[in-house]
Amino acid sequence: MAKQPPVPLLSNGKRVDGRLPEEHRPVTMQVGVLPNANGSALVAYGNTVVLAAVYGPREPIPRYITAPDKAVIRVRYHMAPFSTDDRKNPAPTRREIEISKVVKEALETVVFLEQYPKSTIDVFLEVLQADGSTRVTSITAASLALADAGIPLRDLVIGVSVGKVGDTVIVDLNKLEDNYGDGDLPIAIAYRKGWILLMQLDGVWKPSEVKRGLELAFKAAENIYRSMRETLKGRYMTVVQQ
Amino acid sequence: MSYPFEIIPSLRRETLRRLISEGKRPDNRQLLSMRDLSIKVGVVKTADGSAIVNLGNTKVIAGIKFELGKPFEDTPNEGNLIVNLETPPLAAPTFEPGPPDENAIEIARVIDRALRHSNYIPLRDLVIIPGKSVYTMWIDIYVLNHDGNLIDSSMLAAVSAIANAQVPRAIIDGDTVKLDKSTKIQLNVNPQNMPLTVTYYKIDKYLIVDPTLEEEVMSDGRFTVASDGENIVALQKGGGYFTPEEVDSMINSTLSIVKDLKVKVLEMIKNPTGALML
């Protein structure tokens, strides 16, 4: 874009926060954080923090959304007013409506919906602190919260964002790279299945750059997948002990 | 898109799946070929630019309006571009009155991204006083009859209406700016940058383009690639799942489909028609 970043996004092969192009920020996660929800998770990609809660399977309200043969998933992605530099108006924006839709479509493919006919599974995602890559962090959190709720899944879903600074493809954008970079390619992956569940692209990309972005995203997903498994194992162990 | 009330009998479903597995479609098309396309530009006299697209039985109309606006803080030297898509209840039995739903918002935003990144619209030409006054270009897309593939047909309507757009002259009088609607100047688009979308639908393991509503409803996944024929300017995955190999093949075939389609579109939008006919 024409906008000039306040600091160079890449210098000597290092990014503004000192990372290498293909280096992901530290990922931390915690499940079962909300006592009221059937499943919940708090996930951080660096300074981006998202809280996910799953309610359900439960009776659909309003009734008319009921599907006779399967569960209906509803997703609400929302950014808290204090999560951004300038206060964000809490009313849902067109961006949030679109993200809610694509995240819903990513999750629908992995949940065994046919096991819960005539019910809804509600997934609520609140971005508490935003530093880029909020939609992919939300997906990882949603997938953990679904697993925490004990809802059968075909696979865990990992969100990874890929971007571009000049010709360099980078992994896990922070806010500066999101605002001033040359492209944004959020991806969600069902890791063991090798399925792409969400893929969007912003900016101008050569076909070869898209290919490289996909490869880097799959590589980054591996570590996140491992820590998701460990986190869930730990959670199930404490449930067993209780 | 999902339309919960569209029901296809399972016998019909089986027949369609079998046909597609043999590389055929009910209307004798190949898996990656589109329905008959016709585009007419200049059909709405009250609009500053307009186009109506017929893609098989899918009909979409797009209208452009220019208004005076203030530039956004981060783009003082560019006009404003706003894309809006409506699915009025006259277009399908499942459409309901009301503000754009998530499906309509998604399509409008994908088209917006593709237009912005392709550099097709000379947004820098739409500045009146840098940092103070610019044109706001409204692209309103109306679906008139929904028979599948709204994304690609809406994109075709948008790029065609833009090519047809005439900008009303701005009159600067001291501190005030007014638009003189009686004098209009042709908008200078960059035809080589024209972006088009190709949306793939997955049925079993097969990929098809330009589905009818029936094919769309029974599909297992959706993936849109927007390109100017050279670069990728937007991607959007809908439902279902896709493998990296499938993404690769969709991107490659899009480049050639877009190149051929652009030649057709540029030919069709050469001469404004004048009469509004479906």
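Higher on the page you've got the structure.
What counts and what doesn't
- Residues numbered from 1 in each chain as written.
- Chains lettered and ligands numbered in written order.
- Predicted model: local features only at pLDDT ≥ 70, side-chain atom pairs only at ≥ 80, totals over all residues.
- Heavy atoms only, no water.
- Phe/Tyr/Trp six-rings, centres within 6.5 Å; stacked < 30°, edge-to-face > 60°.
- Helix = DSSP H or I, 4+ residues; strand = E, 2+ residues; numbered from the N terminus.
- Buried < 20%, exposed > 50% of the residue type's maximum accessible area, 1.4 Å probe, protein only.
- Lys NZ or Arg CZ within 6 Å of the ring centre and 35° of its normal.
- Pairing = 2+ DSSP bridges.
- Axes fitted to C-alpha atoms, helices over the stretch in contact; angles between N-to-C directions.
- Contact = heavy atoms within 4.5 Å.

Trainee: Hey, could you run me through the packing of aromatic side chains in this one?
Mentor: Each aromatic ring pair is specified by the distance between its two centres and by the angle formed by the two planes. Residues and elements named next belong to chain A. One pass over the full model with this rule turns up 5 aromatic pairs over all chains. When the centroid spacing of 6.0 Å and the interplanar angle of 55 degrees are considered together, the rings of Y55 and F124 count as tilted. Remark: F124 occurs in strand β7 (residues 120–129) and Y55 occurs in strand β5 (residues 48–58); sequence separation between them is 69 residues. Y55 sits in the partly exposed class, given a relative accessible area of 24%. Residue F124 is classed as partly exposed on the basis of its relative accessible area, which comes to 32%. The residue whose ring lies beneath K164 is W205, and the NZ or CZ to ring-centre distance is 5.5 Å.

Trainee: Quick question: what am I supposed to make of the sheet that holds strand β3 (residues 27–31) of chain A here?
Mentor: Think of a sheet as strands paired side by side through backbone hydrogen bonds, with each pair either parallel or antiparallel. Residues and elements named next belong to chain A. Strand order in the open sheet made by the 5 strands is β3-β4-β5-β7-β6, with mixed pairing throughout. Pairing within the sheet leaves two strands with one partner each, and these edge strands are β3 and β6 (72–79). On average, each strand axis in the sheet is inclined to that of its neighbour by 15 degrees, with strand direction left out of account. Of the pairings in the sheet, the one linking β5 to β7 comprises 8 bridges and is antiparallel in character. In the strand pairing of β7, L51 is matched with E126. Helix α2 (residues 134–148) contacts β3, β4 (39–45), β5, β6 and β7 of the sheet and is inclined by roughly 150 degrees relative to β4.

Trainee: Sorry if this is basic, but what is going on with the side chain of T134 of chain A here?
Mentor: All names here are of chain A. Positionally, T134 belongs in helix α2. Exposure remark for T134: the relative accessible area of 6% places this residue in the buried category. Not counting chain neighbours up to four residues away, the residues in contact with T134 comprise T48, V50, Y77, M79, R95 and V127.

Trainee: Please clarify how the sheet that holds strand β11 (residues 221–227) of chain B should be interpreted in this entry.
Mentor: Reading across from one edge, β9(A)-β8(A)-β10(A)-β11(A)-β12(B)-β11(B)-β9(B)-β10(B) is the order of the 8 strands in this open sheet, with antiparallel pairing throughout. Either end of the sheet is taken by a strand with one partner, and the two such strands are β9 (168–171) of chain A together with β10 (206–209) of chain B. Going across the sheet, the axis of each strand differs from the next one's by a mean of 20 degrees, ignoring polarity. Those strands touched by helix α1 (residues 94–108) of chain A are β11 (195–205) of chain A together with β11 and β12 (232–237) of chain B, and its axis lies near 145 degrees from that of β11 of chain A. Along the sheet, helix α2 (residues 102–118) of chain B contacts β11 of chain A together with β11 and β12 of chain B; its crossing angle with β12 of chain B, the most-contacted strand, is approximately 165 degrees.

Purely spatial values, then, with no claim about function.
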